[in-house]
Amino acid sequence: MKGFDSNLRLQASSSPEFSNGFLPKRQNFINLNLRNCYHRSFSPTMLKLFTSSASRVHHLTPAIRVGSTSPVESPLFKALSQLTGWNRRSASLGQRAFFCSEPTDGEAAAEAEAKAVESDSEGSDSKSSSAIVPTSPRPEDCLTVLALPVPHRPLFPGFYMPIYVKDPKVLAALQESRRRQAPYAGAFLLKDDPSADSSSTTDAEKNINELKGKELLNRLHEVGTLAQISSIQGDQVILVGHRRLRITEMVSEEPLTVKVDHLKDNPFDMDDDVIKATSFEVISTLRDVLKTSSLWRDHVQTYTQHIGDFTYPRLADFGAAICGANRHQAQEVLEELDVHKRLRLTLELMKKEMEISKIQETIAKAIEEKISGEQRRYLLNEQLKAIKKELGVETDDKSALSAKFRERIEPNKEKIPAHVLQVIEEELTKLQLLEASSSEFNVTRNYLDWLTILPWGNFSDENFDVVRAQKILDEDHYGLSDVKERILEFIAVGRLRGTSQGKIICLSGPPGVGKTSIGRSIARALNRKFFRFSVGGLADVAEIKGHRRTYVGAMPGKMVQCLKSVGTSNPLVLIDEIDKLGKGHAGDPASALLELLDPEQNANFLDHYLDVTIDLSKVLFVCTANVIDMIPNPLLDRMEVISIAGYITDEKVHIARDYLEKTALGDCGVKPEQVEVSDAALLSLIENYCREAGVRNLQKQIEKIYRKIALKLVRAGAVAEEPAVASDPEEAEIVAEVGVVSPENHTDKENPVSSDSSLEESNEEAQTEKMAFEKVMIDESNLADYVGKPVFHAEKLYEQTPVGVVMGLAWTSMGGSTLYIETTVVEDGEGKGGLNITGQLGDVMKESAQIAHTVARKIMLEKEPENQFFANSKLHLHVPAGATPKDGPSAGCTMITSLLSLATKKPVRKDLAMTGEVTLTGRILPIGGVKEKTIAARRSEIKTIIFPEANRRDFDELAENVKEGLEVHFVDDYGKIFELAFGYDKQED
């Protein structure tokens, strides 16, 4: 820098201990010799921006230099004083000072003073100062150097860097250079290896050690740093940067030796305002960063003690070296020879570092505030507890908990079983011995909470009034006589015995018949608490039996939760969807239910969490299922099954009128006087839209009707109440602003009486119009406007079934239905007899078709021996609809009748339907679903039904309204069916 004639001599003792590329604090002994500091150096304003570091200054013997002019007032002296933390003015000129970051003992101080005197005498004639130990030859004479790869960041002049040399030849060459008094080498940053994984540091170091010769040269950046070898200890080499180098050519490959050119900074004008302003900003940024980071202050101290004159180029190198820039950005600063551009690059890097420091400070402050706040709150809570305890206002947590648990069990202590009471006392004693902060304390507390909150020995007062129970059941449900009769029996037995025992009842039937809702009505009739939980898809045994207390977040099973929820030991528990139990890796819930639903075992039900037995013998269990075939047999054996068949049309009409309509009116906000649904419309709704066995879909359709009626009423009321407005919003706005009125309106304004009378007339008209919309009639003609087109059509496809077609009766999970068996001839010819079957039939139904074919041939041979129809005809049997899977044995007699109708070329009797399984000898076996099949026949307007003789008892148990108008024949041999199906001519005669 122009005007900088100060000669700053710094000598640092070398040491093998380094940290982050700098000498350790205990080794930083500096001998400063300041001479001839002129005013054309850094201005005082610029240098005052630096923040002083926390270094200590030891003043030793004064050494006043002759000819020096006011060194105390020198700007450089002030800059160094501020950078190194020396803020006190010297009492004499040219005072010698030693800078160190930590105090040293007396021997170290004396040795440092002796070295300072020696270096001062040797360097009095030198023209420039240096922090590096003088060597021979000079650095500028080194034109051929060993090339050392630097893996992470480039080495800047004035900075220390430890590297590890694994190659013994390179290490030997470095040691030889030191012995020859030429301890210099070139430090060059490695380029990125595109083929290597950047995330693996160990692999990258291995690759560096394997590079040799030209391969290593190609991986090195051309511009590096001439480094003095400060020390070698093992494979660690300490380098001190001197000046910039550029590789020109390779001299030898192993070890890699290259020729270099020494690079100098491009000439620049020290008085240039742009450079000054940039340097000022760098120093200002450095000052701001020094306030937040003590590490940066250590960097400043070490650098100023070992680099010498603090010029613009060195300021740029210093900033780039200590900031956290990546290797490529640091190398860009090292390669830049234009001082102004180098300062700008450094300034950008330091600004980024400043932002990072601010973010770090914000994060640290937030965490510190959070931690201090929590600690303060904890201390205050502890003090509050101690104060309350001293005053007797509150006891500690353990005493309070124990008192709470004892208060729970005290009223019912006599009812609690002895073994449970013993466990509670043991756990309370254990709670007093545990620390409140331990995990075992929380486990014990939760365990006691569950043990003491259960209703040991508490029972609700049951209702033994049969008449009252019958009334409650009839209020909530229509029909379901079997279920109601069983509940009344349960109440009657309890009244005679004086107490009731728990039972396990299973209600099976199609969806929507009221299985779940009847459970709540039963609980109300018995005056018991109600609890429901669904086991559909349940695959974990712990949901029923509870978790072991050793697990984190363990909880009791559903039955213990039920008892806690209802507060009594004799609730009604509805276990829904028991036929849909799952099975997974956590066990088989169906097997776990065996203990729960067994009257002989549930008196001592053991939950894994409580680990004490519970008496569930007073609990009434009601299970629901759609198909009992899906329930495991051991579990089904423990339950009393009551089948709930679907509702016939008459029952659905009563349910809709008495229950569904009232509920829909309340839900939709429609008054009964505002709507009327005719019987014909309701019957059409049931027959054409809601044929399923239950009434859930019927409820949806009725709600849909009332929602549309509500919308219609609201729209009608809104049209009558809203005032007339202009159709165009802009026109309405203009009329409002300008006040343009029609002649009629003008007349009304002039005559207020006329206006009021017209307003009353319009209100009367609106009220009349509103009254006209209040009554909405729903009949068969406009039903489609509310619920859409009919979903179902008549199941009776033929008024008179053609030859080869017979109607059968089937049972489905949705109730009963009718289906046709169709048979036709495919091909005639001698010996071509056979049977082809379609219609997505199951294995059982396919076997029934083969049996039917055999039995039909046998009967035909008996009736018409000369008829060779089955022997010479290839037949095709089909069961519509093809997309619906079908299976079961009850279609056997229907298939035989269809085949015989085709063979005799005679249609079966009109309005005939049949069902029954047939053996090879022609015997008719019983079937299931008699009520559902009877309902399906009535829906299809069938008058004559054929049932197996073994199902006579099932049919006799049906309600009279179901059997009314039906001609039912019970058969035990197919011969009777043949007479009923084809002997109608004889019957008419």
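Residues numbered from 1 in each chain as written. Predicted model: local features only at pLDDT ≥ 70, side-chain atom pairs only at ≥ 80, totals over all residues. Heavy atoms only, no water.

- The name that an unreviewed UniProt entry assigns to the protein is Lon protease homolog, mitochondrial, with the source organism given as Camelina sativa.
- Within the UniProt record for the protein, the comment given under Subcellular location (unreviewed entry) is "Mitochondrion matrix".
- Here the protein is described in UniProt, under the heading Catalytic activity (unreviewed entry), as follows: "Hydrolysis of proteins in presence of ATP." (UniProt positions renumbered as here; feature names shortened; annotations may be inferred.)

### Some details on the overall build of the protein
Thought 1: Helices and strands together make up the secondary structure of the protein, namely 36 helices and 26 strands.
Thought 2: Considering only residue pairs separated by 6 or more positions, the protein has 77% of its internal contacts joining residues 24 or more positions apart.
Thought 3: Roughly 50,500 Å² of accessible area belongs to the protein as shown, and the carbon and sulfur atoms make up 50% of that amount. (Helix = DSSP H or I, 4+ residues; strand = E, 2+ residues; numbered from the N terminus. Contact = heavy atoms within 4.5 Å. Areas by Shrake-Rupley, 256 points an atom, 1.4 Å probe, with all protein chains shown as cover.)

### Re the side chain of S901
Thought 1: Tracing the sequence through the fold places S901 in helix α31 (residues 892-904).
Thought 2: For S901, a relative accessible area of 0% gives the class buried.
Thought 3: Polar contacts involving the side chain of S901 include one to the main-chain carbonyl oxygen of K906, which spans 2.6 Å. (Buried < 20%, exposed > 50% of the residue type's maximum accessible area, 1.4 Å probe, protein only. Polar contact = N/O pair within 3.5 Å; in protein donor to acceptor, adjacent residues only side chain to side chain.)

### A closer look at the UniProt feature "active site" (unreviewed entry) in the protein
Thought 1: This chain's UniProt record puts "active site" (unreviewed entry) on S890 and K933. Taking the farthest pair of C-alpha atoms as the criterion, the annotated set spanning 44 residues converges on one region, since that pair is 11.2 Å apart.
Thought 2: In this fold, S890 is placed in the loop between β21 (873-878) and α31.
Thought 3: With near-sequence residues (within four places) excluded, S890 lies in contact with L809, T915, G916, E917, I927 and K933.

### Looking at the sheet that holds strand β14 (residues 620-625)
Thought 1: Overall, parallel pairing links the 5 strands, which are arranged β10-β11-β14-β9-β15 in an open sheet. Looking at which strands have only one partner, the edges of the open sheet turn out to be β10 (530-534) and β15 (640-643). Across the sheet, the mean angle from the axis of one strand to that of its neighbour is 20 degrees, orientation sign disregarded.
Thought 2: Strand direction decides the pairing type here: strand β9 (residues 504-508) and β15, joined by 4 bridges, are parallel. Opposite C506, over in β15, you have V641 as the bridge partner.
Thought 3: Packed onto the sheet, helix α16 (residues 481-497) meets β9, β14 and β15 and runs at close to 145 degrees relative to β15. (Pairing = 2+ DSSP bridges. Axes fitted to C-alpha atoms, helices over the stretch in contact; angles between N-to-C directions.)

### So, the packing of aromatic side chains
Thought 1: The final tally for this structure, using the stated rule, is 7 aromatic pairs.
Thought 2: Ring geometry for F531 and F533: centres 6.2 Å apart, planes at 50 degrees, overall tilted. Like F531, the residue F533 is buried in the burial classification.
Thought 3: Where F947 meets F955, the ring centres are 6.1 Å apart and the plane angle is 50 degrees; that geometry is what we call tilted. As far as burial versus exposure is concerned, F947 and F955 are alike and both buried.
Thought 4: These aromatic residues form a ring-pair network of at least three members: F947, F955 and F970.
Thought 5: R549 extends its terminal NZ or CZ atom over the ring of Y447, reaching a point 3.8 Å from the ring centre.
Thought 6: Sitting above the plane of the W450 ring, K564 keeps its charged end 4.3 Å from the centroid. (Phe/Tyr/Trp six-rings, centres within 6.5 Å; stacked < 30°, edge-to-face > 60°. Lys NZ or Arg CZ within 6 Å of the ring centre and 35° of its normal.)

### Considerations on the packing of helix α15 (residues 466-476) against α16
Thought 1: In contact at an axis separation of 10 Å, α15 and α16 are set at 155 degrees when each is read in the N-to-C sense. By the angle between their axes, α15 is roughly antiparallel relative to α16. Where α15 crosses over α16, the two elements pack in a sense that is right-handed. For the pair formed by α15 and α16, the contact residues are V466, A469, Q470, L473 and D474 on the first element and K484, I487, L488 and I491 on the second. (Parallel < 35°, antiparallel > 145°, perpendicular 65-115°, else oblique. Left-handed = near helix turned anticlockwise from the far one by under 90°.)

### Quick notes on the nonpolar core
Thought 1: By size, the foremost hydrophobic cluster in this structure holds 53 residues, and its most contacted members are I575, I578, L596, L597, L610, F621 and M639.
Thought 2: For this core, the leading source of residues is helix α13 (residues 418-433), giving 6 residues.
Thought 3: With residues near it in sequence (within four places) discarded, L596 still touches I544, M559, I575, N602, F605, L616 and F621. (Core = buried A, V, L, I, M, F, W, Y, C linked by side-chain atoms within 4.5 Å.)

### Regarding the pattern of salt bridges
Thought 1: Counted by the stated rule, this structure contains 28 salt bridges.
Thought 2: A salt bridge links D474 to K484, with the shortest nitrogen-to-oxygen separation between them at 2.9 Å. Residue D474 is found in helix α15, and its partner K484 is found in helix α16; the two are separated by 10 residues along the sequence.
Thought 3: The class for K484 is buried, based on a relative accessible area of 5%.
Thought 4: Residue R532 is joined to D576 by a salt bridge in which the shortest nitrogen-to-oxygen separation is 3.1 Å. With a gap of 44 residues between them, R532 in strand β10 and D576 in strand β11 (residues 572-576) connect regions that are remote in the sequence. (Salt bridge = Lys/Arg side-chain N within 4 Å of Asp/Glu carboxyl O.)

### A few points about a nonpolar patch on the surface
Thought 1: Together, I359, I363, I367 and I371 line one region of the surface with nonpolar side chains, adding up to about 360 Å² of accessible area.
Thought 2: Structurally, I363 can be placed in helix α11 (residues 339-391). (Patch = residues over 30% accessible without salt bridge, like charges linked within 9 Å, V, L, I, M, F, W, Y side chains within 5 Å.)

### Topic: the packing of helix α29 (residues 843-863) against α31
Helices that pack against each other are described as a pair by the angle of their axes relative to one another and the distance between those axes.
Thought 1: Two numbers describe how α29 lies on α31: the axes approach to 8 Å, and their chain directions differ by 45 degrees. When the axis of α29 is compared with that of α31, the two are oblique. When the axes of α29 and α31 are compared, the crossing they make is right-handed. For the pair formed by α29 and α31, the contact residues are M845, S848, A849, A852, H853, V855, A856, I859 and M860 on the first element and G892, M895, I896, L899, L900, A903 and T904 on the second.
Thought 2: Across the contact of α29 with α31, the residue classes tally to 12 nonpolar, 4 polar and no charged. (Nonpolar A, V, L, I, M, F, W, Y, C, P; charged D, E, K, R; others polar.)

### With respect to the confidence of the model for the protein
Thought 1: Residue-level pLDDT values for the protein average 75, and 75% of them are 70 or greater.
Thought 2: The least confident element of the protein, judged by mean pLDDT, is strand β2 (residues 97-100) at 30; the most confident is strand β25 (residues 944-948) at 93.
Thought 3: Here residues 718-759 scores under 50 on pLDDT; set against residues more than four positions off or in separate chains, the count is 9 contacts. (pLDDT = per-residue confidence, 0-100.)

### A look at helix α12 (residues 397-409)
Side chains that are three or four residues apart share a direction in an α-helix, a result of its 3.6 residues per turn.
Thought 1: Helix length check: α12, at 13 residues, gives a terminal C-alpha distance of 19 Å against a target of 18 Å (1.5 Å per residue), a fit within 8%.
Thought 2: Taken together, the buried positions of α12 are K398, L401, S402, F405 and I409. Looking down the long axis of α12, one finds its buried residues gathered within 100 degrees of arc, a one-sided arrangement. (Expected span 1.5 Å × (residues − 1). Arc of directions from axis to C-beta.)

### Things to note about unusual backbone geometry
Thought 1: Cis rather than trans, the peptide bond between E254 and P255 has omega equal to -5 degrees.
Thought 2: In this chain, P880 is followed by A881 through a cis amide linkage whose omega measures -10 degrees.
Thought 3: One non-glycine residue, L480, adopts positive backbone phi at about 50 degrees.
Thought 4: By the element assignment, L480 lies in the loop between α15 and α16.
Thought 5: Its identity is not glycine, yet K905 carries a phi of approximately 55 degrees, on the positive side.
Thought 6: Within the secondary structure, K905 sits in the loop between α31 and β22 (912-914).
Thought 7: Judged by relative accessible area, K905 falls into the exposed class, the value being 64%.

### Observations concerning the pairing of strand β18 (residues 805-812)
Thought 1: With 6 of 8 residues buried, β18 is to be regarded as a mostly interior element.
Thought 2: Pairing of β18 with β22 involves 2 bridges; the strand directions are parallel. The residue bridging G808 from the neighbouring strand is M914, located in β22.

### Here we look at the environment of L171
Thought 1: The residue L171 is located in helix α4 (residues 168-179) in this model.
Thought 2: For L171, a relative accessible area of 14% gives the class buried.
Thought 3: Each C-alpha atom, one on L171 and one on I232, is 8.8 Å from the other, the two residues being 61 residues apart in sequence.
Thought 4: When sequence neighbours within four positions are dropped, the list of residues in contact with L171 reads V165, I232, G234, D235 and V237.

### A look at the pairing of strand β3 (residues 144-150)
Thought 1: Burial analysis of β3 places 5 of its 7 residues in the buried class, which makes it a mostly covered element.
Thought 2: When β3 meets strand β5 (residues 184-189), the two strands line up parallel, connected through 4 bridges. Among the inter-strand pairings, L148 is bridged to a residue of β5, identified as A187.

### Describing the environment of G512
Thought 1: Turning to its location among the elements, G512 is positioned in the loop between β9 and α17 (515-526).
Thought 2: For G512, a relative accessible area of 9% gives the class buried.
Thought 3: Apart from the residues lying within four places of it in its own chain, the contact partners of G512 are Y647, G694, V695 and R696.

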